[in-house]
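Coordinates in review
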Amino acid sequence: MSIGLQGVRRKAQLDKDVRFNNLFHHITSDLLINSFYGLKKNAAAGVDKVSWHQYKEGLAERIEDLHDRVHAGSYRAQPVRRSYINKADGRKRPLGVTALEDKIVQQAAATILNQIYETDFMGFSYGFREKRSQHDALDALHEGIIRCKINYILDADISAFFDQIDHGWLMKFLRHRIADKRMLRLIKKWLKVGFVEDGKRKRQEIGTPQGSLCKVGNYAK
């Protein structure tokens, strides 16, 4: 983590009401490169049909060009390729396969946003958090059952939460902590870019793609 991002985290910890208005400049070439190497190497390609290994060729020049486009405002998000996986109950869950450059920028944005929101999450929260997994949650649950007197366990789920997120309310929620208009515009690009299904591009008025790296919906959950 860069010294600048460490400063963002310290400020977020010390002042729970502060609004950050200078986040965008933290999207540096170094952060984009680190974000690239943090991606899954053999993940499916999006609508760009570019794989991790293909993008790695000439990486320094590609990242420099991407950085310049992001900061010049000429970066354009590409629609998400929609696919489906089968659920245990027979239904299908939609997944979004993001174009590689969008993955890189989303990962960079998520790294920045996490410095703020990680300080706000409760200790018993495990979903979509850095250095935490479902296995950590199960370990904590096991310890709680062993050490404490437990009368019941409540298992609950918000039905189709990510599919039904209201974009307007999500952006309003983010503005409680983020005042940087460039960062907010970047996030809005990903929300509004839409998806491609069966060769046709469709608008997305509500919801966020499941499978996206910048899980802004989780900050509202």
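This text goes with the structure placed above it.
My aim in this report is to walk through the structure given alongside it, one point at a time. This is a predicted model, so every value here is computed, not measured.

1. A short note on the overall build of the chain
From N to C terminus, the chain includes 9 helices and 4 strands. The helix and strand sequence of the chain, counted from the amino end, reads α-α-α-α-β-β-α-α-α-α-β-β-α. Based on the C-alpha atoms only, the size of the chain along its principal axes is roughly 60 × 45 × 35 Å. Within the chain, contacts between residues at least 6 apart in sequence are counted, and of these 72% link residues at least 24 apart.

2. Side note on the pairing of strand β1 (residues 80-86)
Pairing analysis gives 2 bridges linking β1 to strand β3 (residues 195-197), with the strands arranged parallel. Bridge pairing in β3 links R81 to V196. Strand direction decides the pairing type here: β1 and strand β2 (residues 92-97), joined by 6 bridges, are antiparallel. Bridge pairing in β2 links Y84 to P94. In sequence, β1 turns back onto β2 through a hairpin of 5 residues, with G90 there showing a positive phi of about 95°.

3. Description of the sheet that holds β2
Read across the open sheet, the 4 strands follow the order β2-β1-β3-β4; overall the sheet is mixed. In this open sheet, the two edge strands, each paired with only one partner strand, are β2 and β4 (200-202). Neighbour-to-neighbour, the strand axes of this sheet turn through a mean angle of 40°, independent of strand direction.

4. Here's the deal with helix α5 (residues 100-117)
With 18 residues, α5 ought to run about 26 Å at 1.5 Å a step, and its terminal C-alpha atoms sit 25 Å apart, in line with that. Burial analysis of α5 places 16 of its 18 residues in the buried class, the great majority of the element.

5. Looking at the side chain of E197
Relative to the helices and strands, E197 resides in strand β3. Using a relative accessible area of 13% as the deciding quantity, one classes E197 as buried. Those residues in contact with E197 that sit more than four places away from it in its chain are R82, Y84 and K202.

Conventions adopted
- Residues numbered from 1 in each chain as written.
- Predicted model: local features only at pLDDT ≥ 70, side-chain atom pairs only at ≥ 80, totals over all residues.
- Heavy atoms only, no water.
- Helix = DSSP H or I, 4+ residues; strand = E, 2+ residues; numbered from the N terminus.
- Contact = heavy atoms within 4.5 Å.
- Pairing = 2+ DSSP bridges.
- Axes fitted to C-alpha atoms, helices over the stretch in contact; angles between N-to-C directions.
- Expected span 1.5 Å × (residues − 1).
- Buried < 20%, exposed > 50% of the residue type's maximum accessible area, 1.4 Å probe, protein only.

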